[in-house]
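The lines below spell out each chain.
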Amino acid sequence: MEMHASRIIGADRMTVWAALNDAETLKACIPGCESLTGSPEEGFAATVTQKVGPVKATFRGEVSLSDIVAGESYTIAGEGKGGVAGFAKGAAQVHLSDAEGGGTVLTYDVSAKVGGKIAQLGSRLVDSFAQKMADQFFERFQTRLEGGNQDAQVH
């Protein structure tokens, strides 16, 4: 499955770049993420629990960054195994550019593949689930960067 989208984030490009490389930010934005440890240089280990249709699974896997052009783009790739539920793997090319009038345009191209029980659910269900996950991630990411994270603000 393939997904392509972009959104304008109300923060400067280096702020967006730093957040894309921060384990705590990524963990907070990945739907169902229970843990994310590591660093951009070494890669990350993640545990994510999700329900796809009738199948609920906890995926454990690795996430790595490559093709890094600081402040501009990278490829983030991950693969997770969910036991009898199967596996999921995918990659996203993420590109940042300055938006007219301020802010940052974040563009992403995602390709993903699933196997096992999850793949048996049918491509329409799996594709809509993957689209929802991507949308939720980037929505949370945008909200966090634009000041929607009340926990991080000093009262």
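The rules behind the values
- Residues numbered from 1 in each chain as written.
- Predicted model: local features only at pLDDT ≥ 70, side-chain atom pairs only at ≥ 80, totals over all residues.
- Heavy atoms only, no water.
- Helix = DSSP H or I, 4+ residues; strand = E, 2+ residues; numbered from the N terminus.
- Polar contact = N/O pair within 3.5 Å; in protein donor to acceptor, adjacent residues only side chain to side chain.
- Disulfide = S-S within 2.5 Å.
- Salt bridge = Lys/Arg side-chain N within 4 Å of Asp/Glu carboxyl O.
- Buried < 20%, exposed > 50% of the residue type's maximum accessible area, 1.4 Å probe, protein only.

Colleague: Can you break down the environment of Asp-12 residue by residue, with the values?
Modeller: Here Asp-12 is to be found in the loop between β1 (2-9) and α1 (13-20). A polar atom in the side chain of Asp-12 sits 2.7 Å from the side chain of Thr-15.

Colleague: How would you explain the state of the cysteines if you had to name every residue and give the values?
Modeller: For the structure on display, the rule yields 0 disulfides. In this structure Cys-33 is not part of a disulfide, and its nearest cysteine sulfur, from Cys-29, lies 9.9 Å away.

Colleague: Give me the lowdown on the pattern of salt bridges, citing residues and values where you can.
Modeller: The full count for this structure, using the stated rule, is 3 salt bridges. Arg-13 serves as the salt-bridge partner of Asp-98, at 3.2 Å between the closest nitrogen and oxygen. Separated by 85 residues along the polypeptide, Asp-98 in strand β6 (residues 87-98) and Arg-13 in helix α1 bring together distant segments of the chain. Given a relative accessible area of 53%, Asp-98 falls into the exposed group. Across the pair Glu-79 and Lys-81 runs a salt bridge whose closest N-O atoms are separated by 3.7 Å. Glu-79 gets classed as partly exposed once you look at its relative accessible area, which sits at 39%. Note on Lys-81: relative accessible area 54%, which makes it exposed.

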